[in-house]
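Below are the chains, spelled out letter by letter.
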Amino acid sequence: MSVNELFTKFTRVWIPDPEDVWRSAEITRDYKEGESVLHLKLEDETPLEYSVGQKSNPLPFLRNPDILVGENDLTALSYLHEPAVLHNLRVRFLESNNIYTYCGIVLVAINPYEQLQIYGEEVINAYTGQNMGDMDPHIFAVAEEAYKQMARDERNQSIIVSGESGAGKTVSAKYAMRFFATVGGSANDTNVEEKVLASSPIMEAIGNAKTTRNDNSSRFGKYIQIGFSRHYHIIGANMRTYLLEKSRVVFQAEDERNYHIFYQLCASASLPEFKELSLTSAEDFTYTSLGENIFIDGVNDAEDFQKTREAFTLLGIKENNQSSIFQIIASILHLGNIQICSERDGESCRISRDDVHLQAFSRLLGVEQQQMQHWLCHRKLVTASETYVKNMSSRQAENARDALAKHIYAHMFDWIVEHINKSLQTSSKQHSFIGVLDIYGFETFESNSFEQFCINYANEKLQQQFNSHVFKLEQEEYMKEQIPWTLIDFYDNQPCIDLIEARLGILDLLDEECKVPKGTDQNWAQKLYKQNSSSAHFQKPRMSNTSFIINHFADKVEYQCEGFLEKNRDTVYEEQINILKASQFQLVADLFHEKDDVAPSKSSRVNVRAAKSVPKTPNKEHRKTVGLQFRSSLNLLMETLNATTPHYVRCIKPNDLKESFSFDSSRAVQQLRACGVLETIRISAAGYPSRWTYPDFFSRYRVLMKKSDVTSSDKKQVCRNLLETVVKEPDMFQFGKTKIFFRAGQVAYLEKLRADKFRAACIKIQKTVRGWLQRVRYAKIRRSAVILQRYGRGYLARRFAEQLRLSRAALICQKQFRMVRERRSFLKVRSAVVTIQAFSRGMFTRRIYHQFLLHHRAMIIQKCVRGWLQRRKFRRARDAAVTLQCAYRRVLAKRRLKQMKIEARSAEHLKKLNTGMENKIVQLQRKMDEQSKDLRSQNDQLMVTNSGLGSEVTKLQKQLEHLRSQQDEGQLVSLQEELQRLREELQEAHALRKKLQEEHSTEKLRLHERVEELETENSLLKTEKDTMNQKILQQSKSIEDDSSVSQREVSLQSELDAERQRYQNLLKEFSRMEQRYDNLKEELSLTKFHPGHRRNPSNVSSLESDSNYPSISTSEVGDTEDSIQLVEEMGVEKAAMDISLFMKLQKRVRELEQERKRLQANADKMEEVAKRKNSEVRSPTSEQETADLAYDNLKRQELESENKKLKNDLNELRKTMADRVSQNGSSNELQDGYNVLLSQLRAANEELDARKEEVLILRTQIVSAAQQQERSEHISNDTEPVDKDEALKAYHGLSESKKLLEAQLQSQSRQHKDELEALHTQIELLKADIEKKQEILNYTMSLSPEAQVEYSVQQEITRLTNDNLDLKELVEKLEKNERKLKKQLRIYMKKVQELEVSQAAVQASKSNPELTRQVTVQRKEKDFEGMLEYNKEDEALLVKNLIADIRPNSVSATVPCLPAYILFMCIRHADYINDDQKVAALLTSTINAIKKVLKKNNDDFEMTSFWLANTSRLLHCLKQYSGDEVFMTQNTGKQNEHCLKNFDLAEYRQVLSDLSIQIYQQLIKVAESIIQPMIVSSMLESESIPSLAGVKPMGYRNRSSSMDTDAGGPSSYTLEALIRQLGQFHAIMSEHGLDPEIVGQVVRQLFNCINAVTLNNLLLRKDVCSWSTGMQLRYNTSQMEEWLRGNNLYQSKAAATLEPIIQAAQLLQVKKKTSQDAEAICSLCTSLTTQQIVKILNLYTPLNEFEERVTVAFIRNIQNRLQERNDPPQLLLDTKQTFPVLFPYTPSALSLDTLHIPASLSLGFLIRV
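All of the points below concern the structure found in this document.

The rules we used
- Residues numbered from 1 in each chain as written.
- Predicted model: local features only at pLDDT ≥ 70, side-chain atom pairs only at ≥ 80, totals over all residues.
- Heavy atoms only, no water.
- Helix = DSSP H or I, 4+ residues; strand = E, 2+ residues; numbered from the N terminus.
- Expected span 1.5 Å × (residues − 1).
- Buried < 20%, exposed > 50% of the residue type's maximum accessible area, 1.4 Å probe, protein only.
- Pairing = 2+ DSSP bridges.
- Phe/Tyr/Trp six-rings, centres within 6.5 Å; stacked < 30°, edge-to-face > 60°.
- Contact = heavy atoms within 4.5 Å.
- Salt bridge = Lys/Arg side-chain N within 4 Å of Asp/Glu carboxyl O.
- Core = buried A, V, L, I, M, F, W, Y, C linked by side-chain atoms within 4.5 Å.

1. Quick notes on helix α13 (residues 394-424)
Its 31 residues give α13 an end-to-end C-alpha distance of 45 Å, which sits within 8% of 45 Å, the value for a rise of 1.5 Å per residue. With 23 of its 31 residues buried, α13 lies for the most part within the structure.

Next comes the structure, spelled out in structure tokens:
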């Protein structure tokens, strides 16, 4: 394009400006080539005639279109030149607050001098895995690019961070290392990444200092190599340092400081461990006070020193070494304060022996004070023949002292670096590394010395490497796209480098002059002039013979030669070093001893050596100068960088005042020139800087195409045709394989053509619209004129008619007015006459009334006076009587007062602590009534027993009379005596019973009296309690606040969610640690593996390693009776935790079963013997039946007495529970639970009674059989008659009945005594309580009324709290009792069932026809009860087939969660047979197998969902069939029959709940890993609405190395693909039968991830912050909400998680101009933080020139309006945020007996029970 086409009217240009460097102007007249003046207009509308010449003053630079301003990449600008770069950086830094900008492969970082919230872990996660250029520029993007290329290309990487002091190099390097430490964390527990980060505080303390430009300036260069393993985890690190500024130890300029460690140590000198250092304030030491300012604003040296010590400890530096380091640092301070006094001759000096600093220096370093005192003032000269000791002047001695201080600090610095490297190294083999180079940038001051020379020399080398690398990348890009390559001329600074380091260069001449004995800086300068005068890069100043100028790539720098030789030599006297070598401290001596050369490392591809000053032999310490060391280390660094892939970060200092977000253009341009950014721009501008892909170019510039070209399918050919038509010069563009390359300015020209096209289209649209508007306006005016005429004529006619009506109305009004006027005058006269009459009559009447009133008042006064006199007399008499009465009543009151005090004490105590006294009295009365009923029942039983005994006696007498004829008289006499004795004993028992009855009646009377007394006291206390309660209620009503309840509920809910979240996080951490433990165990097993087959010992159980619960062996089972007693003492809940108790009970049941079988066998044998003998001898039937009945009666009475005793115990337990419930009857739930428990106990009791009757019958049959056998034997024996045996049996029966009665009486007496003792203790407690309340009442009465109210409220609160605690304890006790009773009932039911079965077997085997009460149990063939039986040996096969080998698709056609049901049915059978080991083994194996399956399939969503559904279903089954009332409310009758009978599996339910949470977290992790790559592409990049998204001129040019070229680039996903994936997740979870609530929580978590990732990318990408993206995003979110509605998931709160991204989309679409828009934005974006809103507004980018940018004033307005918000500081959302999961209880309606197991599961070994 010609100049005439470019420099036209309205074109904007850049012109030089002395203040702002460049200034914008606009051309006001078209420029013709050859004119000498260019007519311009400045931004302030000032006209300017700009002189133009071919050489002296060329045409100004053209300005880029506004749409290109603020680009992420400077090379994306159409016009590439210095003002464009400067303006783009300024706009991004000041308006958008973006401190990072790309410039090709360089990241430009501007120091904001403010802490920004853009370096958090969420930002690291956002940049991880992203290609460079996809996100906004950031240091993390460069670090991610280096990490990715290292992993993909198997090549070492380097990040070179450079810039001026104060530009932010150290911070940038620190954040890069933080990124590597986060992304590439160590795979084991070595915590190498923490050690790498911990080295930063140490190096900053010993190597950083405050300068005039930076408060934390690095005064050395460092190169940190971070080593990675083959899996790209950090395994170690290594640090190399360069050119420590040792001169700062002894000298600092004004307003500068020494190294931070000195001030940190002085700030902590008051600590006890540092007392021996003899330190004070830093102001007291010379080396720390030269800068005259020892403080830094906002920095606490003491806190920083604590961090430094913690870093030392973390890196493994021992405490004694740390103490030695601090001693050395303190000794340097003391060395600087040593006073060197000059002697009179001026050539010698001395140091006082009493110098405290010399003493402290010698003591801290452990050296001889006398020797150090001597050699600080003397030096040794060694010649070939002799050695001389020479005095030094004070000046020389001070220089030697400072040199020694620098030498000590340098060696200490090297020692610390060496030990840091040792702690960062590991034994693992390094596979690759990433190096971070933090090195000084180009420096130029007014006075430049040896340090600036070395720094600029290093920057020359780095700039040369940078230029060659940029050139190489440009060449690779052109070759890849097959663009014709022409050589680009770029600046080569090799001649300048040769001037410095070549043979006879500046460094060689410097080293040569240092070797000369009397070499001086002036001689060296003359040699430089002579040797290098012909070099184009070397100049001699005109006015100086001791300085020289080098023309560096950045600028010309003048160096002063003074001090070059001394700094290059770095002279330290040998004698002083020898004294330090002889130190008594090992560390000090080691610092200065010789060290061998370090062998090259073989762990990496590049040989790495320590680049530090290593002293050699003492007598040849000048062999290696500082310059030579620095050149060697720099060459080694360049070798390392050349062997790696470099990445560049250029730090820019925006101003010298350290002001936040202030931009000084002149300083910025100076640094841009010095750091090579403009050189990169120049190289890019020399080629084809602008690059477009064919689809983007087609989409952007299709407005310039013909209609036929737009519809063509060959996009490349269409683009070719357009460019050949529009751009006439073919050299201005090139066509590559995938991109179109443009010369500088061509994109701006195309943008101008596009804008002109749009402008022409707009003009045509405006013309048409304006014509249409005018025609519409004319028609409207014509219609309006006609309407106006019509209305005007009507108005005139109406006005004439109105005039006629008004004339007629005027006549009527006149007539009416005259009539009214006359009438008013008449009424006025009449009213005056009436008024006069009324006033005269009233006057006469009032006179009469006044006279009457005076008489009446006189009478009243007389009456009052007389009454007053009488009352005064009466009062005097009454007062005298009252005085006498008061004196007498006072005496009576004093007597009454003493009595009332005693009563008040007892009453107050009873009032506050025994409010339930009435209930207790009622209970006592009820108890007494029950005792009286029991006593009456016992009396009846005794009467019945007496009558029975009397009948028995008469019966025995008849028998005795019958036997007298057959037996001896002596025997009859003995029997009669025995009977007489029994009668006496019976009479004694009757007497004892009467005595007990009398005692009971007296005690009953006494209790009645006491109850009446308590009732009276209780009534008094009740009245007082009611009054106090009314006062408390009135006070509480005035204080109550209705909103407190809701707030408390909200706070409790939030605390519950937080606690649930904390528990689940702990569970997640536990699962992670468990996974880590498994991995370590696998690794250990692999390391310990040996070939061959090994067997485990046969006695080792396989469950011991997997089970989390202790296994109980049978050897541990002890005495059963003890275990039963232990169960009763501990309670069922605690006993359930110890399974050994149940094992003991089980053993006891087995023993009882064996005893029953033994008795059964004996009964069978007796029956057979009886049958055999019965045929031989027949006894009289009547006698046999009589004996049987007697024996049955005795046994029945014994059993009844035992049964009654148990019933009494049970009734006492019921009464106790009822009393407690009635006392604390405020809880209805407790009462209901108690009623349910009572009903269960009654039912169980009735069943026990029935079972006991059957057992009694069985025992009777056994005894009768035994009697028959004995009877037959007696019959066979002729010597022993039958009557004798029968008499003996009767005697024994009577004795047993007597013993039974005695035992009953004794137990009843003991019970009465216990009750009496309990009542006595209760009365004592009540008395003590009353006394305590009386004391409280007295104390309360002594207080003021306000204090009384407050004290009473406090007492009431205390009482309520205690009552609440008592209620809680009572509830816990009742729950324990309930569980204990349930457990006992289960055991009893088990025993009863076994007895029932045994009884049925016995009755079936018996065939005795004589038994009349024979009970037979008919057993039906049982149906399937929903249980599955398996053998113990098949457990492993069951777990393998049902868990390990099962696939979700194999059971997809069956009932959902079938494995869970099968496992529970197996557990039911183990519970049914009461096999606790089987239950524990099965549950433990199941849990371990599920964990192994999930570990094996940790990335399979279907498998994870399948086992989450089954685990939760198994958990629900354990709850549903546990037998707890809470979980049985929705069960059917059949399901209640299937409840577990013997075991409480609450502990396993908790384990399964934890396992479900772990599986849920794994499911979320798997789902997020699947959808996360799809989110950005589908939500932000895909065109859900076709042809809506406009294409903006490209930003960062993606390098080939930054893209994944293996698969042809990153995959692109659409919104349909994302919704399809979500639908697949939902279908899988629904198919597996996962609970809908859990499905909703999973979807909510996934939507939260989608929202966080989308919003984070939106906040970090400038290219998507546009109006069209907002429209696309709003459409996408609406589609997501529609998907939720379509799947009935809208109530899962998932849609609410999308609210931030919805508001972000609306923010991109709304207007952003006026204050009303700002107010609307503030009210709209409630889910976005202030930082997020401001960030989106800063990133908002117009897609064409017709859109306007968001102004800075508008953003400031938004910020001011949002100041009141308390938003969190972070910018990005946490993508790893997890909501607390809740597993609601969902019982199954499926009955277990209806399940069918498919044959495909291979579970044929299971038996249906």
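Next, the rest of the story.
2. Things to note about the environment of glutamine 1334
One can find glutamine 1334 in helix α37 (residues 1282-1341). Taking the C-alpha atoms as reference, glutamine 1334 lies 8.0 Å from glutamate 903; in sequence the two are 431 residues apart.

3. Let's talk about the pairing of strand β3 (residues 37-42)
Where strand β2 (residues 21-27) meets β3, three bridges bridge the pair, whose relative direction is antiparallel. Bridging across to β3, alanine 25 finds its partner in leucine 42. In this structure, the hairpin formed by β3 and strand β4 (residues 47-51) is closed by a connection of four residues, where glutamate 45 is found at a positive phi of approximately 70 degrees.

4. With respect to the sheet that holds strand β19 (residues 547-551)
Paired through backbone hydrogen bonds, the strands of a sheet run either parallel or antiparallel to each other. If you walk across this open sheet you meet the three strands as β18-β19-β20, and the pairing is antiparallel. A single partner strand is all that each edge strand has here, and the edge strands are β18 (538-539) and β20 (556-560). One ladder, built from five bridges, connects β19 with β20; its direction is antiparallel. Looking at β20, one finds that serine 547 is bridged to glutamine 560.

5. Examining helix α4 (residues 139-153)
Quick reminder: α-helices carry 3.6 residues per turn. Residues three or four places apart thus point the same way. With 15 residues, α4 extends 21 Å from end C-alpha to end C-alpha; this agrees with the ideal 21 Å at 1.5 Å per step. The element α4 is largely enclosed, with a buried count of twelve among its 15 residues. Those residues of α4 that fall on the buried side of the exposure criterion are Ile139, Phe140, Ala141, Val142, Ala143, Glu144, Glu145, Ala146, Tyr147, Lys148, Gln149 and Met150. Positive phi appears at glutamate 154, one or two residues downstream of α4, with a value of about 55 degrees.

6. Describing the packing of aromatic side chains
Per the stated rule, a full pass over the model turns up 40 aromatic pairs. A ring pair is formed by phenylalanine 312 and phenylalanine 326, whose centres lie 6.3 Å apart and whose planes are at 75 degrees; its orientation type is edge-to-face. Of this pair, phenylalanine 312 sits in helix α9 (residues 301-314) while phenylalanine 326 sits in helix α10 (residues 319-336), and the two are 14 residues apart along the sequence. In terms of burial, phenylalanine 312 and phenylalanine 326 fall into one category: buried. On the basis of an interplanar angle of 35 degrees and a centroid distance of 5.5 Å, the ring pair of phenylalanine 548 and tyrosine 559 is categorised as tilted. Here tyrosine 559 lies in strand β20 and phenylalanine 548 lies in strand β19, a separation of eleven residues in the sequence. Through successive ring pairs, a cluster of aromatic residues spans Phe450, Phe453, Trp524, Tyr529, Phe538, Phe548, Tyr559 and Phe564.

7. Section: the side chain of serine 1556
Mapped onto the fold, serine 1556 is located in helix α44 (residues 1546-1581). Not counting the four nearest positions on each side in its chain, serine 1556 is found in contact with Leu1508, Thr1511, Ser1512, Leu1515 and Phe1783.

8. Observations concerning the pairing of strand β6 (residues 100-103)
Residues Tyr100 and Tyr102 line one face of β6 and the alternating positions Thr101 and Cys103 line the opposite face, and both faces are buried. Taken together, the four bridges between β6 and strand β7 (residues 106-110) define a ladder with antiparallel strand orientation. From the neighbouring strand, cysteine 103 faces β7, where its bridge partner is valine 106.

9. Topic: the pattern of salt bridges
Between side chains of opposite charge, pairing is possible as soon as their charged atoms come close. Applying the stated criterion to the full structure yields 33 salt bridges. Each member of the salt-bridge network shares a partner with another, and the members are Glu164, Lys653, Asp656 and Arg667.

10. What to know about the nonpolar core
Ranked by internal contacts, the top residues of the largest apolar core, which has 315 residues, are Phe180, Phe262, Leu404, Tyr409, Trp524, Phe548 and Leu1658. Among the elements that line this core, the one with the most residues is α44, at 17 residues. With 21 residues, the next largest nonpolar core counts Trp692, Val718, Cys719 and Phe735 among its residues.

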